[in-house]
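# Summary of the model geometry
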Amino acid sequence: LSIVVWSLSYVKGGLPGPVCLNLIDIESRVSYLNESHIDLVNKTWKFGGDGPGYRTIEHLICHYPTCCITDDQGHHVCWVLMYDDCAAGIMYTLPEHRGRGLAKALISSMSRKLHAQGYPVYCFVDEGTTVSYSLLVSLGFTEDPQYRVGLYQVSSKLDDGFSVVRGLLNCKL
């Protein structure tokens, strides 16, 4: 699996590009994930759905910044997490809430907050994810063609079951 690494050309002065919802309405619905959301994120994550995925999500939610948007009933409908190397990722919007500009508003909000706190602002995007690619380009992110990350998973049969190790391989081309 090949992953594209992006870097952000940060643009000051509000949200770049049009957002479908009222900015004040969206900003008032920005919240954070906590341990009660691990199952939801793990079930929707492309590389999750299992014990190792659960532990990865738990680690990220408990130790790094997260950002999410809630609907009118307070349910989390769109979120983005930060990996342990400060890259934004695991961005997801529930299917029934797509096309409303939520992910655009969320990544913009999180980027501004991280930038203001001195964090680097960049993310990993699966090369086949054209929707995320287009979203990030519209927000001013640019691809670093000299850098790639590969996800790997190693499984081994142990006496008490399977052991799974996941990780990232970073490569400067």
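Residues numbered from 1 in each chain as written. Predicted model: local features only at pLDDT ≥ 70, side-chain atom pairs only at ≥ 80, totals over all residues. Heavy atoms only, no water.

Going by this rule: UniProt positions are given in the numbering used here, feature names are shortened, and annotations may be inferred rather than shown by experiment.
As annotated in an unreviewed UniProt entry, the protein chain is Glycine N-acyltransferase-like protein from Umbra pygmaea. UniProt, in the comment section headed Sequence similarities (unreviewed entry), describes the protein chain in these words: "Belongs to the glycine N-acyltransferase family."

## A look at the pattern of salt bridges
Here is the rule we go by: Take a side-chain nitrogen of Lys or Arg and a carboxyl oxygen of Asp or Glu: if they are within 4 Å of each other, that pair is a salt bridge. Helix and strand assignments follow DSSP, with helices taken as H or I runs no shorter than four residues and strands as E runs no shorter than two, numbered in order from the N terminus. Working definition: with a 1.4 Å probe on protein chains only, accessible area under 20% of the residue-type maximum means buried, over 50% means exposed, and in between means partly exposed.
In total, this model carries one salt bridge according to the counting rule given. Of the charged contacts, one joins Arg-29 and Asp-72 as a salt bridge, the two residues approaching to 4.0 Å between their closest N and O atoms. Here Asp-72 lies in the loop between strand 3 (66-70) and strand 4 (76-82) and Arg-29 lies in the loop between helix 1 (23-28) and strand 2 (30-31), a separation of 43 residues in the sequence. A relative accessible area of 15% places Arg-29 in the buried class.

## A few points about the environment of Ala-105
Structurally, Ala-105 is set in helix 4 (residues 102-116). Residue class for Ala-105 comes out buried when judged on its relative accessible area of 1%. Remark: the alpha-carbon pair of Ala-105 and Glu-27, spanning 78 residues in sequence, is separated by 8.2 Å.

## Re helix 4
Given 3.6 residues per helical turn, the α-helix brings residues three or four places apart onto the same face. Note the following rule: Helix span, as expected, comes to 1.5 Å for every residue beyond the first.
With 15 residues, helix 4 extends 21 Å between its outermost C-alpha atoms, agreeing within 8% with the 21 Å of an ideal straight helix rising 1.5 Å per residue. Extensive coverage of helix 4 is indicated by the burial of eleven of its 15 residues. Taken residue by residue, helix 4 has Leu-102, Ala-103, Lys-104, Ala-105, Leu-106, Ile-107, Ser-108, Ser-109, Met-110, Ser-111 and Leu-114 as its buried positions. One or two residues past the end of helix 4 sits Gly-118, with phi positive at roughly 90°.

## With respect to the nonpolar core
Which entries qualify depends on this criterion: Only buried residues count toward a nonpolar core, which is a set of Ala, Val, Leu, Ile, Met, Phe, Trp, Tyr and Cys residues joined through side-chain atoms within 4.5 Å.
Counting residues in each nonpolar core, the largest one holds 39 residues, and the members touching the most others are Val-41, Ile-57, Leu-81 and Ile-90. Among the elements that make up this core, the one with the highest residue count is helix 4 (seven residues).

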